[in-house]
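Summary of structural features
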Amino acid sequence: MPHRSPPTPARRSSACDNQETTLLRITSSSDHIVRSSFRQNARHASVDRMSMNTVEYRRSGLMTQANGRRTETTQVRLLRIQAETLIRCRELQARAASPLIFALSTALKLLCIDVPNELNHDELVVVADSQKTRRRIAGVRCVYWSYPTRLVHLEGITCVAPDTTWLMYARRSRLESLVFLGDAFMRRDSDQRWMTLRDFRDSCHATHEQIRKAKRRMPAGTVNSRRAMVLMRENTDSVRESELRLMLLSYGLPMPQVNPHVDIRNDTGQANVGRRRRFFLDLAYSECKVAVEYDGKQHASNWEEDVRRRTLLEDAGWMCVNVTWNDMRSDVERRALAVSVASRLERRSGRKHAVTGPIPLRRLASRLLRIDKEADDSMTEKADAHG
């Protein structure tokens, strides 16, 4: 897809009431909050359901070959889901007597965000800010949220912004699902990225501060949201990568880097000898040169390139651990995978990496929060000493 200039920051409202609303508009003007190339395709995709067919995908080069079948790329799948959801939302809005605000999984689909399976529901969801305004519409779920809310306007439809949607999910969702969803807001692909981790944390903190200033009770799930934020990371490519990262942590291994790039000189073969190639590693322990990569179905069509890639990495001194779905199916297989990664770290570092657990994510997050707090307290003490 053609490269476009990055989005300009959205303007924030200065309202101080119980439901402060920031309007984030996706239009054809210059105030995009996401890259316009992905959204331009989204606008075309939303015009006509029939245009989202296999023939169009194949011609546009957005399909990939896997195991002899035509399969969608992630972007095309998200665009298809967005187009289908837009049609349903418009049909519902046309029947409603007043404007609707779509929420939760419906909002995520409208915004082309990869929804974790546990949070993915087919029913349309709308939100009301008071019990009096709750809707009773057949086949539609209406949820109640009276806290500060950010909104997105898309093609005449209004939905809840990603960060507010995440806080709404925090009330009832598992910690693991919150991490997966948060990671999806910060994909490595700039067309799918909505915000950085810092911006996300700042936005959630600002919402909590508004609630405190209003002297209101904090929403359910606030503690769970803090635990999830300490486990989230930027630059993931898929939910499977996030799942793999959390699994390694749960067995006592260190936090790996997410999709770091390495530049490797190509000194073999006939073509491009001497040129440097850049590779992105799913997860990596760069100080030990150990890479852990998830091989999904999309790798079936790129087998030769993957072999070549691994050869170049190993020639440059990297040890690679390739992971498939079978390695994640049970506790026995996950532990065996953790032991395999730990043994490579031990060989490279000379230090023992004990495989423990699995440690529950809640306990792991609480431990990381304590470490962060101790680090902040230490920095504050040093600053006071120098002051």
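In the block above lies the structure referred to throughout.
**A closer look at the packing of helix 7 (residues 197–213) against helix 8 (residues 222–231)**
- With their axes 11 Å apart at the nearest point, helix 7 and helix 8 run at an angle of 165 degrees to one another. With respect to each other, helix 7 and helix 8 are oriented roughly antiparallel. Relative to helix 8, helix 7 is oriented so that their crossing is left-handed. Listed contacts from helix 8 to Leu197, Phe200, Arg201, Cys204, His208 and Arg212 of helix 7 are Thr222, Ser225, Arg226, Met229 and Val230.
- Of the residues assigned to the contact of helix 7 with helix 8, the class counts are five nonpolar, three polar and three charged.

**Some thoughts on the sheet that holds strand 13 (residues 290–294)**
- Pairing is mixed across the open sheet formed by four strands, whose spatial order is 9-12-13-14. Edge positions in the sheet fall to strand 9 (257–258) and strand 14 (319–323), since each of these pairs with one other strand and no more.
- Of the strands in this sheet, strand 9, strand 12 (283–285), strand 13 and strand 14 are in contact with helix 9 (residues 239–250), which crosses strand 12 at around 35 degrees.
- Relative to the sheet, helix 11 (residues 331–349) contacts strand 12, strand 13 and strand 14, its axis offset from that of strand 14 by approximately 175 degrees.

**Considerations on unusual backbone geometry**
- The residue after glycine 357, namely proline 358, is reached through a cis peptide bond having omega 15 degrees.
- If you trace the backbone, proline 358 turns up in the loop between helix 11 and helix 12 (361–386).
- The residue lysine 215 is not glycine, and still its phi comes out positive at about 55 degrees.
- Taking relative accessible area as the criterion, lysine 215 reaches 78% and is therefore assigned exposed.
- One non-glycine residue, lysine 289, adopts positive backbone phi at about 55 degrees.
- Looking at where lysine 289 falls in the secondary structure, it is placed in the loop between strand 12 and strand 13.

Analysis parameters
Here the residue index of a chain counts from 1 through its sequence in written order. The predicted origin of the model limits local features to residues at a pLDDT of at least 70 and limits the giving and counting of side-chain atom pairs to 80 or more, whereas totals for whole chains, interfaces and linings rest on all residues. Water and hydrogen atoms play no part in the side-chain values, which are based on all heavy atoms of the structure. Only the stretch in contact is used when a helix axis is fitted, and all axes are lines through C-alpha atoms; the angle between N-to-C directions ranges over 0 to 180 degrees. By definition, any uninterrupted DSSP run of H or I lasting at least four residues is a helix, any uninterrupted run of E lasting at least two residues is a strand, and each is numbered from the N terminus. Orientation is classified from the angle alone, with under 35 degrees giving roughly parallel, over 145 giving roughly antiparallel, 65 to 115 giving roughly perpendicular, and any other angle giving oblique. Here a crossing is taken to be left-handed if its near helix is turned anticlockwise relative to the far helix by less than a right angle, and right-handed if that turn runs clockwise. Note on contacts: a residue pair is in contact if any heavy atoms of the two residues lie within 4.5 Å. The nonpolar class holds Ala, Val, Leu, Ile, Met, Phe, Trp, Tyr, Cys and Pro. Asp, Glu, Lys and Arg form the charged class, and all remaining residues, Gly among them, are polar. Here the rule is simple: two strands pair whenever DSSP picks up at least two bridges between them. Accessible area is worked out with a 1.4 Å probe on protein chains only. A residue is then buried under 20% of its type maximum, exposed over 50%, and partly exposed in between.

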